[in-house]
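Structure at a glance
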Amino acid sequence: TISLSRAKVENLSRLFNVHLYSSAEMAYKYAMEELSAAKSIDYKSGIGMAHYHLGVYYNNTDQADSAKYYYLLAKDQFEQINDLDRIISVNHGLAIIAYSQGNYDEAIERLKSNVTINLENEYDSLINERDLNLAIHNVDCY
């Protein structure tokens, strides 16, 4: 069963997503609350998602340096718990930033790393969607 504290973190995550495109400042508020709640219980996945959400917020508000900073914090958390799905999401966000800044080689390398993750045998969570994920990341690379 999920603890009430983890449920709070996950509900704050949902609230971030609900408000992201209608009220960026509310989304930011929920991401900060999510981060605080996750840190208070040392919930690494929740900390990673809160950092990722802050990266998304800053990316959507055209603050690339802050977005990259939070994406990298998220990636570190997700690597610690080997959450490959979320590492892929972070890599995609970082690729978008690199592309928007004209760093096309970096963007392609980040997307290629997602292809590599999809091809790893240990990566089982996308087996049913492997072809779709490979197609998405290969199209993004070219």
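Below, the structure is looked at part by part. (Residues numbered from 1 in each chain as written. Predicted model: local features only at pLDDT ≥ 70, side-chain atom pairs only at ≥ 80, totals over all residues. Heavy atoms only, no water.)

A closer look at the pattern of salt bridges
Opposite charge on two side chains lets them pair, provided their charged atoms get close. Going through the model one piece at a time under the given rule, you end up with 5 salt bridges. A salt bridge links Asp 42 to Lys 44, with the nearest nitrogen and oxygen atoms 3.8 Å apart. For Asp 42, a relative accessible area of 51% translates into the label exposed. When the shortest N-O distance is used, the salt bridge between Asp 83 and Arg 86 registers 3.5 Å. Among the residues examined, Arg 86 registers a relative accessible area of 28% and is labelled partly exposed. Here the salt bridges share partners, and the residues they tie into one network are Lys 68, Glu 106 and Arg 110. (Salt bridge = Lys/Arg side-chain N within 4 Å of Asp/Glu carboxyl O. Buried < 20%, exposed > 50% of the residue type's maximum accessible area, 1.4 Å probe, protein only.)

Some remarks on the side chain of Asn 91
Checked against the element boundaries, Asn 91 lands in helix α5 (residues 84-100). Discounting chain neighbours no more than four positions away, the residues touching Asn 91 are Lys 75, Arg 110, Ser 113, Asn 114 and Ile 117. (Helix = DSSP H or I, 4+ residues; strand = E, 2+ residues; numbered from the N terminus. Contact = heavy atoms within 4.5 Å.)

Quick notes on the environment of Arg 6
Position of Arg 6 relative to the elements: it lies in helix α1 (residues 4-19). Sequence spacing of Arg 6 and Tyr 43 is 37 residues, and the spatial spacing of their C-alpha atoms is 7.5 Å. Residues contacting Arg 6, with those up to four places away along its chain left out, are Ile 41 and Tyr 43.

Note that every value here comes from positions in space, so none of it alone points to a role or purpose.
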